Amino acid sequence: MAYFDTCEYCNASLDPGEKCDCRKARSERKEHEKANRKKVRKIRRTEQCGELLPIIQTA
Ligand SMILES: [Zn+2]
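The structure reproduced in this document is the subject of the present report. (Residues numbered from 1 in each chain as written. Predicted model: local features only at pLDDT ≥ 70, side-chain atom pairs only at ≥ 80, totals over all residues. Heavy atoms only, no water.)

## Let's talk about the overall build of the protein
For step 1, the next point in the chain: The helix and strand tally for the protein stands at two helices and two strands.
For step 2, the next point in the chain: In the protein, the order of α-helices and β-strands from amino to carboxyl end is β-β-α-α.
For step 3, the next point in the chain: Counting all 59 residues of the protein, 5% fall into the buried class.
For step 4, the next point in the chain: For the protein, the accessible surface area stands at approximately 6,200 Å², while carbon and sulfur atoms represent 51% of it. (Helix = DSSP H or I, 4+ residues; strand = E, 2+ residues; numbered from the N terminus. Buried < 20%, exposed > 50% of the residue type's maximum accessible area, 1.4 Å probe, protein only. Areas by Shrake-Rupley, 256 points an atom, 1.4 Å probe, with all protein chains shown as cover.)

Next up, the structure:
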């Protein structure tokens with residue numbers, strides 16, 4: 001008695017209750033974009049704060 005769900009987006013065969021990677025990949029991509037934006041903001045902040053950079057260079 002085996003049955004499979006089918007992904008409504010890419011028609012992949014899924015185990016009962018399994019969520020397809022195609023949707024997971026989309027949400028992960030969004031998380032990556034959010035993380036990258038945070039990184040860019042951090043870099044800009046350290047560039048604006050000129051006091052930190054000379055300390056790192058001399059050390
Ligand atoms: Zn899918």
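## A few points about the coordination of the zinc ion
For step 1, the next point in the chain: Around the zinc ion, the protein contributes the donor atoms Cys 7 (SG), Cys 10 (SG), Cys 20 (SG) and Cys 22 (SG), at 2.2 to 2.3 Å from the metal centre.
For step 2, the next point in the chain: Note that the zinc ion binds four donor atoms; their angles at the metal cover 103 to 118°, and the shape is tetrahedral.
For step 3, the next point in the chain: When the donor residues of the zinc ion are listed from N- to C-terminus, their spacing reads C-x2-C-x9-C-x1-C. With Cys 7 in the loop between β1 (5–6) and β2 (13–14) and Cys 20 in the loop between β2 and α1 (21–48), this pair connects stretches of sequence that are 13 residues apart. An identical accessibility class is assigned to Cys 7 and Cys 20; each is buried. (Donors = N, O, S within 2.8 Å, 3.2 Å for Na, K, Ca; no water. Tetrahedral: all angles 85-135°; square planar, octahedral: opposite > 155°, others 65-115°.)

## Focus on a positive patch on the surface
For step 1, the next point in the chain: Together, Lys 30, Lys 34, Arg 37, Lys 38, Arg 41 and Lys 42 line one region of the surface with positive charge.
For step 2, the next point in the chain: Note on Lys 38: relative accessible area 61%, which makes it exposed. (Patch = residues over 30% accessible without salt bridge, like charges linked within 9 Å, V, L, I, M, F, W, Y side chains within 5 Å. Salt bridge = Lys/Arg side-chain N within 4 Å of Asp/Glu carboxyl O. Lys, Arg positive; Asp, Glu negative; His and termini not counted. Charge placed at Lys NZ, Arg CZ, Asp CG, Glu CD.)

## Remarks on a negative patch on the surface
For step 1, the next point in the chain: A cluster of acidic residues, Asp 5, Asp 15, Glu 18, Asp 21, Glu 28 and Glu 31, forms a negative patch on the protein surface.
For step 2, the next point in the chain: Summarising the element assignment, Asp 21 is placed in helix α1.
For step 3, the next point in the chain: The exposure class assigned to Asp 21 is exposed, which follows from its relative accessible area of 52%.

It is worth stressing that arrangement in space is one thing and function is another; only the former is reported here.
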